[in-house]
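Each chain, written out:
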Amino acid sequence: MSDIVNEFNEYRSKMNDKILADNNKVIKRIFNLDTNAYQEGALDVKTKELLGLVASTVLRCDDCIKYHLETSYKVGLKKEEVVEALSIATLVGGTIVIPHLRRAYEFWDALEETR
């Protein structure tokens, strides 16, 4: 797996474990809510991941973008679908999201290298 993908996943896992080890009820509930929100429901998982990706891009959260890109990749979304969602995010977010779009492309390419 690509270094940027491994580095992201290792850091995220390590820090999530550290955060959750503090046993803060509010933080644990937020993490649980986030996990449950992306489960199959009235909307399928692929649609929810694309919505998360668009929102994360507009909010300019690189960690969130990477998370949603990887999950999108794992649930079988095609690059064309992801790029179309990113195009909507760029339209809505404006040119300020272009640096995040660049990093999103780089991360998607790294995910594809894992095949």
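Residues numbered from 1 in each chain as written. Predicted model: local features only at pLDDT ≥ 70, side-chain atom pairs only at ≥ 80, totals over all residues. Heavy atoms only, no water.

(A) The arrangement of the overall build of the protein in detail. Check the secondary structure of the protein and you find six helices and zero strands. Its C-alpha atoms give the protein a radius of gyration of 15 Å, within 12% of the compact-globule value 13 Å for 115 residues. Overall, the protein is about 40 × 35 × 30 Å in size when its C-alpha atoms are taken along their principal axes. Taken over 115 residues, the protein has a buried fraction of 28%. At a minimum sequence separation of 6, the contacts of the protein that also span at least 24 residues come to 64%. Per element, the accessible surface of the protein, about 7500 Å² overall, is 54% carbon and sulfur. The averaged location of the 19 negative side-chain charges in the protein is 6 Å from the averaged location of its 16 positive side-chain charges. (Helix = DSSP H or I, 4+ residues; strand = E, 2+ residues; numbered from the N terminus. Rg over C-alpha atoms; globule rule 2.2 N^0.38 Å. Buried < 20%, exposed > 50% of the residue type's maximum accessible area, 1.4 Å probe, protein only. Contact = heavy atoms within 4.5 Å. Areas by Shrake-Rupley, 256 points an atom, 1.4 Å probe, with all protein chains shown as cover. Lys, Arg positive; Asp, Glu negative; His and termini not counted. Charge placed at Lys NZ, Arg CZ, Asp CG, Glu CD.)

(B) Representation of the layout of surface pockets. Space inside the largest pocket adds up to approximately 610 Å³. Sorting the residues of the lining of the largest pocket by element identifies α1 (3-21), α2 (25-37), α3 (45-58) and α4 (62-74) as the ones contributing at least two each. The element best represented in the lining of the largest pocket is α1, accounting for six residues. Grouping the constituent residues of the lining of the largest pocket by class yields eleven nonpolar, six polar and five charged. (1 Å grid on protein atoms, 1.4 Å probe; cavity = no way out; pocket = protein on both sides within 12 Å on 5 of 7 lines; lining within 4 Å. Points joined across faces, edges and corners; volume = space filled by probe spheres on them. Nonpolar A, V, L, I, M, F, W, Y, C, P; charged D, E, K, R; others polar.)

(C) Up close: α4. Along its 13 residues, α4 runs 18 Å from first to last C-alpha, staying within 8% of the 18 Å computed at 1.5 Å per residue. Buried residues in α4 make contact with α1, α3, α5 (79-93) and α6 (98-112). A positive phi of about 95° marks G76, the residue just after α4. (Expected span 1.5 Å × (residues − 1).)

(D) Spotlight on the nonpolar core. Core analysis: the biggest nonpolar cluster contains 15 residues, and L53, L69, V82, L86, F107, W108 and L111 have the highest contact counts within it. Going through the elements one at a time, α1, α4, α5 and α6 are the ones with two or more residues in this core. In terms of residue count, α6 provides more of this core than any other element does, six residues in total. The contact partners of L111, leaving out residues within four places of it in the chain, are V5, L69, E70 and Y73. (Core = buried A, V, L, I, M, F, W, Y, C linked by side-chain atoms within 4.5 Å.)

(E) A look at α1. Between its first and last C-alpha, α1 extends 27 Å over 19 residues, near the 27 Å set by a 1.5 Å rise per residue. When α1 is considered as a whole, its buried residues turn out to be V5, F8 and N16. Summarising the axial view, the buried residues of α1 lie within an arc of 65°, below the 170-degree limit, and thus occupy one face. Residues of α1 that are exposed and angled more than 90 degrees away from the buried face: D3, E7, E10, K14, D17, K18 and A21. Contacts from the buried residues of α1 go to α2, α4 and α6. N23 sits one or two positions beyond α1 and adopts a positive phi of about 60°. (Arc of directions from axis to C-beta.)

(F) Representation of the pattern of salt bridges. On inspection of all chains with the given rule, the structure shows three salt bridges. Note that R103 and D62 form a salt bridge whose closest N and O atoms lie 2.8 Å from each other. Separated by 41 residues along the polypeptide, R103 in helix α6 and D62 in helix α4 bring together distant segments of the chain. For D62, a relative accessible area of 22% corresponds to the partly exposed category. (Salt bridge = Lys/Arg side-chain N within 4 Å of Asp/Glu carboxyl O.)

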